[in-house]
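Inside the fold
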Amino acid sequence: MHLDAVEHGDALVFMHAVKDGAADRSFGLQVAALAGLPKATLQQARRRLAELEQRGRESHASEMAPQALDAPQQFGLFAAAPSAAQEALAALDPDELTPKQALEALYRLKSLL
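Residues numbered from 1 in each chain as written. Predicted model: local features only at pLDDT ≥ 70, side-chain atom pairs only at ≥ 80, totals over all residues. Heavy atoms only, no water.

Okay, the overall build of the protein next. Within the protein, the regular secondary structure consists of five helices and two strands. Looking at the protein alone, contacts between residues at least 24 apart form 18% of all its contacts between residues at least 6 apart. Roughly 9200 Å² of accessible area belongs to the protein as shown, and the carbon and sulfur atoms make up 59% of that amount. (Helix = DSSP H or I, 4+ residues; strand = E, 2+ residues; numbered from the N terminus. Contact = heavy atoms within 4.5 Å. Areas by Shrake-Rupley, 256 points an atom, 1.4 Å probe, with all protein chains shown as cover.)

Here it is as structure tokens:
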């Protein structure tokens, strides 16, 4: 079941009618806008969605191969490359640091921000 909806430009209007079956498309970004997500976040999501859709059109056949269907992947819309600070933090082993080394590591991490 789904709510019937109509798009007017970037706006989404729910028709207050419940219909059987799945919707013919997702209105996730429109619902996110209705929920008040920041415009910058929505723009980033639209760009990422466009990239994923383009990649999907380019590799649709290989993604539908039986071995690909056995291990589906979830794409993150907002996944970003780790920052230098995140990489440096991941490389630390706190159990191997003296208190002085730990303090120095904190200062190094702070300088990376």
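A surface patch of nonpolar side chains, amounting to about 260 Å² of accessible area, comprises Phe14, Val31 and Leu34. Position of phenylalanine 14 among the secondary structure elements: in strand E2 (residues 11-19). (Patch = residues over 30% accessible without salt bridge, like charges linked within 9 Å, V, L, I, M, F, W, Y side chains within 5 Å. Salt bridge = Lys/Arg side-chain N within 4 Å of Asp/Glu carboxyl O.)

Moving on, we come to the pattern of salt bridges. What the rule picks out here adds up to two salt bridges. With a closest N to O distance of 2.8 Å, glutamate 104 and lysine 100 form a salt bridge. Here lysine 100 and glutamate 104 lie together in helix H5 (residues 99-112), a separation of four residues that amounts to about one turn. Glutamate 104 gets classed as partly exposed once you look at its relative accessible area, which sits at 36%. (Buried < 20%, exposed > 50% of the residue type's maximum accessible area, 1.4 Å probe, protein only.)

Topologically, leucine 49 is positioned in helix H2 (residues 39-63). Expressed as a C-alpha distance, the spacing of leucine 49 and leucine 29, which sit 20 residues apart in the sequence, is 9.5 Å.

Looking now at the environment of histidine 16. With respect to the helices and strands, histidine 16 occurs in strand E2. Residue histidine 16 is classed as exposed on the basis of its relative accessible area, which comes to 76%. Between the C-alpha atoms of histidine 16 and alanine 5, which are eleven residues apart in sequence, the distance is 8.1 Å.

The next thing to look at is the confidence of the model for the protein. Mean pLDDT for the protein: 78, with 75% of residues reaching 70 or above. Model confidence for the protein, summarised as mean pLDDT per element, is weakest for helix H3 (residues 66-70) at 59 and strongest for H5 at 92. (pLDDT = per-residue confidence, 0-100.)

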